[in-house]
Structures are given as C-alpha cells and as structure tokens.
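Here is how the chains run, residue by residue.
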Amino acid sequence: MLQCNLKKNYSRIAVLVLCILLCFIWLAEFFPAVSVRADETQYSDVLADLQVDSTFDLSEWDNVLKHPQTELAQISESTDHELYLYVHFVGEIKPVSKVVFNTQTSFEKLDFRSYDLQCVSENGSFCKYLVNGYKTTASNHIYAITRLEYPVHKKVSETQVTTYEYISVEQYWTVSYDSDKVSYKQEHLETIEVTDKYLGSHNDGEDSFWGYKNWTDTFYYAFSTEIDMDDLLEVQIEYQMCLAAHSGGSWEEPYTDIINCVIYADDSVEFTENLRDHWWFFEWNVGVNHREFKAIETPEEFREHSGLSLPKNKFGNEFDWVVTFYNKREVFDSPRVISLFDVPANTSILRLKYIKDGVTYNVGVLDTRSTYINPKPKEKDYWWILYLVLAVILLLICMPILPTIMSFFAWGLKGLFTVVKWLIKGLFLLITLPFRLIIALFAGGGKK
C-alpha cells in the first residue's frame, strides 16, 4: 500500500515539474516580446507639439484665406538629434514620403539631398514627419527646404510606374540654441522651377572582334525653366538605376540606392557619398561609339554633337538645356540581341548653378521625378502581304469562269431583291390588315 502511494506521489511530482518547465518555456517566449514592445518609440502628438508655442492658433490655420494651400508649418529638432517636419494640409492629405533640403551655408558648395519621411502623428489637417537617415550634428543649424514629395502611380507605355509629384515649400529655417532655449526662424527661399522636361536615351551597339559587342547606354535630361538663363554651370541631379528589357515596356525595381551627383559644364561628374558601393559600376565615356555627348549643352549643340533628334517641349518650343547624366560602356562576351539594359528611375534635378545678366545664382529646384520607360517597339505586321498574294492567286484562278460567276452573282442579287420586295409587301399587308377589317365592317353596316 505504501509503495502504491509513493508511486502516485512520484507521478504527481513529475507532472508538477513538467508543468513548471512548460510555464518557464512559455514565459521565456513571452518576455522577449514584451521587451520589444517596450522598446518601441512613442511619438508625441502633432498638435501637442505645435501648441507648445503660445502664438500657435489652430483657428488661424483653418482659415483658407490665410493658408490657402498645403505648407510646412514648423520644424523641430529633438534631443536625440532627429529632425521633424510639421505639415498643414489643405484638402486631401497627400501620402508625403520625401523631402529635399540643403544644410550647407557656403554659396559655392550647396548640396541638396532627398530624405525619406515617416509619418509618426496625424491629427486633423496636421501631420508630423520624422526625417529618416538624418541626424543633427552642430549647435546651430540651417535648412534650405525646397519641396516635399509624394508618390503618384501612372500607366506609361502599358507599364505601371510610380513617379513623384512635389509640394512647394521654399523655406529657409535657422535653428539657434541659447542655453536651454531653442528658437526657429523662417525666411523665404529662392528657387527655380522646371516647367517642362524630357528624359531620353540612346543605346548604341558596336560590333567588335569575333562577334563581341561594345554597348553604350546613355541617358539625357532635356528641360526648360521659368528663367531664361544665359549660361548653365552646374546641375545637381538624383536618380536610381533599374534593369529593363530591350524588347520594351517592363522594368524592374531599382537595384541601386539613390545616386546623387553634380554635373559640371567642363564634362566632369562628381558623385556623392550616397553612391556607396556602386561607384565601380558607373563609367563616364564622353565620345564613345562615334557620338560625342557633352555633359551640359543647348539643344542645338546636342543635335550637332550626337546626331540625335530631340522632341519639342509641351509648348512646341525648344527645351532650354540638355544634361547627359549617365553614359556607361559595357563589353559583352556575345552579340547582344535580347537582353537587359540600364534605365534611370526617380530622376530629378535638385540644384542649378547658372548665370543671368552677369549674376551667378546657385539655387534649389522644384522638379517632379521621372522614370524612363523603354518604348515597346511596334511589331511589324507582314500578314497583309500574304493576304494580298492569296487574293491575286485566287483572282487568276477564277478568271476563266469569271463571267459565269458574275452571272450567278447577278441572278442571286436579283433573287435577293425579289425576296426583299415580297417581304416588304407582306409586312405592309400585315400592318394594314386591322385597318382593312375595320373599314370592311363599317362598309357592310352602311348597306343594311
């Protein structure tokens, strides 16, 4: 009996130990999840931040006469060296995802960059955005903010692409620290707007020894601005690279980070640190394959040097300038018939340095982003030739019996007309039959 009780106790103890182990395993799985949730950043409310300023009046921002369009209402820097943007929307809230600004004070070394935005708080018509990938470093800061950007999905050449439209900001912010106080001063920022543009390409292949082929992918950006510039000195442009089929139409997602480069009038190109590990991929070869592409030139110079045509702008006039921003030569180990080639995506001008009336300007640019879509070549339809040959052969075969065929056709046509005539007569009799009956009844009643 005692032995039986001991066995029962041992069983109960074993079950209890197993339960405790299972509890520990479950808790071990649970607590890490709790710690992850605890580490999530909690952002303050956008209106609560704005109302820290005693001069902030929400009713004033709701007045469309004073604030008729979407605008950047405020910026702020956190103690963690993060930058926040506070945007007031009029009408529809756009899915803003990028911002373009410069933090340099030197007139000669302005450097505009684009940064991704993350919406961390939304309340009414206000949104608070965190500038991802940017950290403040100095005690006094300046931000020359040209524009905000939001994605727009369009269908171009039967291909669905994502482009970016902009919301004009044109604000110059100065952030100053004095002991425990921080002040933000806003001024107007001078910019220049791209009024029209064309993203074009030239893909040139040249056969070499044993069927090997040298191939050059060249992309240029023809554009017009609101100002008639006397000379263009520098163009800061930003883009990503994709792969697309030579057969046209489709393209893949960008395989590079944002590439930010400055193109100079002397044909030199300066890539920024955003190029990262892709510096080896790009090769600037002006003049390859018997075509000379200058980095910055007028449309007339472009046609003269390259031998290529250039479309007119949307007003039917010449573009102001042409910038060749990408020129890569590749060597293939087999003839290139059907393959992939490089195409730029999300291309946009960020800064222009130019001369107007003897004065040099270096300003940020308002410009949408463009993605190159390789036009799908029109397939040549040769079936009409076969149909024409068959028709001629059939006509030759039928020539001897053509009179008989024509007589039969005439007889058939005459018979068809006869049938149609009797059908019309029958339809007429059918429609007029009730009226004939009524007339007959009245005529019979009168005789009585």
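Just so it is clear, the model here is predicted, and its values are computed rather than measured.

Conventions we followed
- Residues numbered from 1 in each chain as written.
- Predicted model: local features only at pLDDT ≥ 70, side-chain atom pairs only at ≥ 80, totals over all residues.
- Heavy atoms only, no water.
- Helix = DSSP H or I, 4+ residues; strand = E, 2+ residues; numbered from the N terminus.
- Buried < 20%, exposed > 50% of the residue type's maximum accessible area, 1.4 Å probe, protein only.
- Contact = heavy atoms within 4.5 Å.
- Areas by Shrake-Rupley, 256 points an atom, 1.4 Å probe, with all protein chains shown as cover.
- Salt bridge = Lys/Arg side-chain N within 4 Å of Asp/Glu carboxyl O.
- Phe/Tyr/Trp six-rings, centres within 6.5 Å; stacked < 30°, edge-to-face > 60°.
- Lys NZ or Arg CZ within 6 Å of the ring centre and 35° of its normal.
- Core = buried A, V, L, I, M, F, W, Y, C linked by side-chain atoms within 4.5 Å.
- Arc of directions from axis to C-beta.
- pLDDT = per-residue confidence, 0-100.
- Patch = residues over 30% accessible without salt bridge, like charges linked within 9 Å, V, L, I, M, F, W, Y side chains within 5 Å.
- Lys, Arg positive; Asp, Glu negative; His and termini not counted.
- Charge placed at Lys NZ, Arg CZ, Asp CG, Glu CD.

**Structural notes on the overall build of the protein**
For the protein, the count of helices and strands is six helices and 17 strands. Sorting the 448 residues of the protein into buried and exposed places 38% on the buried side. The long-range fraction of contacts in the protein, counting pairs at least 24 apart against all pairs at least 6 apart in sequence, stands at 64%. Carbon together with sulfur atoms contributes 60% to the accessible area of the protein, which is approximately 27,400 Å² in total.

**A look at the pattern of salt bridges**
By the definition in use, this model includes 15 salt bridges. Taking the shortest distance from any N to any O, the salt bridge between D267 and K294 comes out at 3.0 Å. Taken as a pair, D267 in the loop between β12 (259-264) and β13 (269-271) and K294 in the loop between β13 and β14 (296-297) lie far apart in primary sequence, 27 residues in all. Exposure remark for D267: the relative accessible area of 16% places this residue in the buried category. Between R303 and E318 there is a salt bridge whose closest N-O contact spans 2.6 Å.

**Side note on the packing of aromatic side chains**
Applying the stated criterion to the full structure yields 13 aromatic pairs. Aromatic side chains Y134 and Y143 sit 6.0 Å apart centroid to centroid with 75 degrees between the ring planes, which places their arrangement in the edge-to-face category. Judged by its relative accessible area of 0%, Y143 is buried. Linked through ring pairs, F101, Y115, Y134 and Y143 together constitute an aromatic cluster. Taking NZ or CZ as reference, K425 lies 4.8 Å from the ring centre of W422, over its face.

**Considering unusual backbone geometry**
A negative phi angle is the norm for most residues apart from glycine, just as the trans form is the norm for most peptide bonds. Of note, the phi angle at H81 is positive, near 65 degrees, even though the residue is not glycine. Residue classification places H81 among the partly exposed residues on the basis of a relative accessible area of 43%. With phi around 75 degrees, D267 is a residue other than glycine that occupies positive phi space.

**Notes on the nonpolar core**
Taken as a class, soluble globular proteins show a tendency for nonpolar side chains to be buried jointly. Counting residues in each nonpolar core, the largest one holds 30 residues, and the members touching the most others are F223, L232, I237, F325 and L352. For this core, the element with the highest residue contribution is strand β11 (residues 231-245), accounting for six residues. If near-sequence neighbours (up to four positions away) are discounted, L232 is found in contact with F223, A265, I296, W321, L352, K353 and Y354. Judged by nonpolar contacts, the second largest core, of 23 residues, contains F101, C127, Y134 and I167.

**Notes on the environment of F101**
Looking at the secondary structure, you find F101 in strand β3 (residues 98-102). When the C-alpha positions of F101 and V169 are compared, they lie 9.9 Å apart, and in sequence the two are 68 residues distant. Residues within four places of F101 in sequence aside, it is in contact with L83, D111, F112, R113, Y115, V131, Y134, Y143, A144 and I145.

**A word on helix α4 (residues 299-306)**
Of all the positions in α4, only P299, F302 and S306 are classed as buried. Within α4, the buried residues cover an arc of 55 degrees as seen down the axis, which keeps them to one side. Backbone geometry just downstream of α4 places G307 in the positive-phi region, at approximately 75 degrees.

**Looking at the confidence of the model for the protein**
The share of residues in the protein with pLDDT of 70 or more is 72%, and the mean pLDDT across the chain is 78. Confidence scores differ between elements of the protein, with helix α1 (residues 2-39) showing the lowest mean pLDDT of 47 and strand β5 (residues 126-131) the highest of 97.

**Points about a negative patch on the surface**
The grouping of D228, D230, D231 and D357 at the surface amounts to a negative patch. Checked against the element boundaries, D230 lands in the loop between β10 (213-225) and β11. Judged by relative accessible area, which is 45%, D230 ranks as partly exposed.

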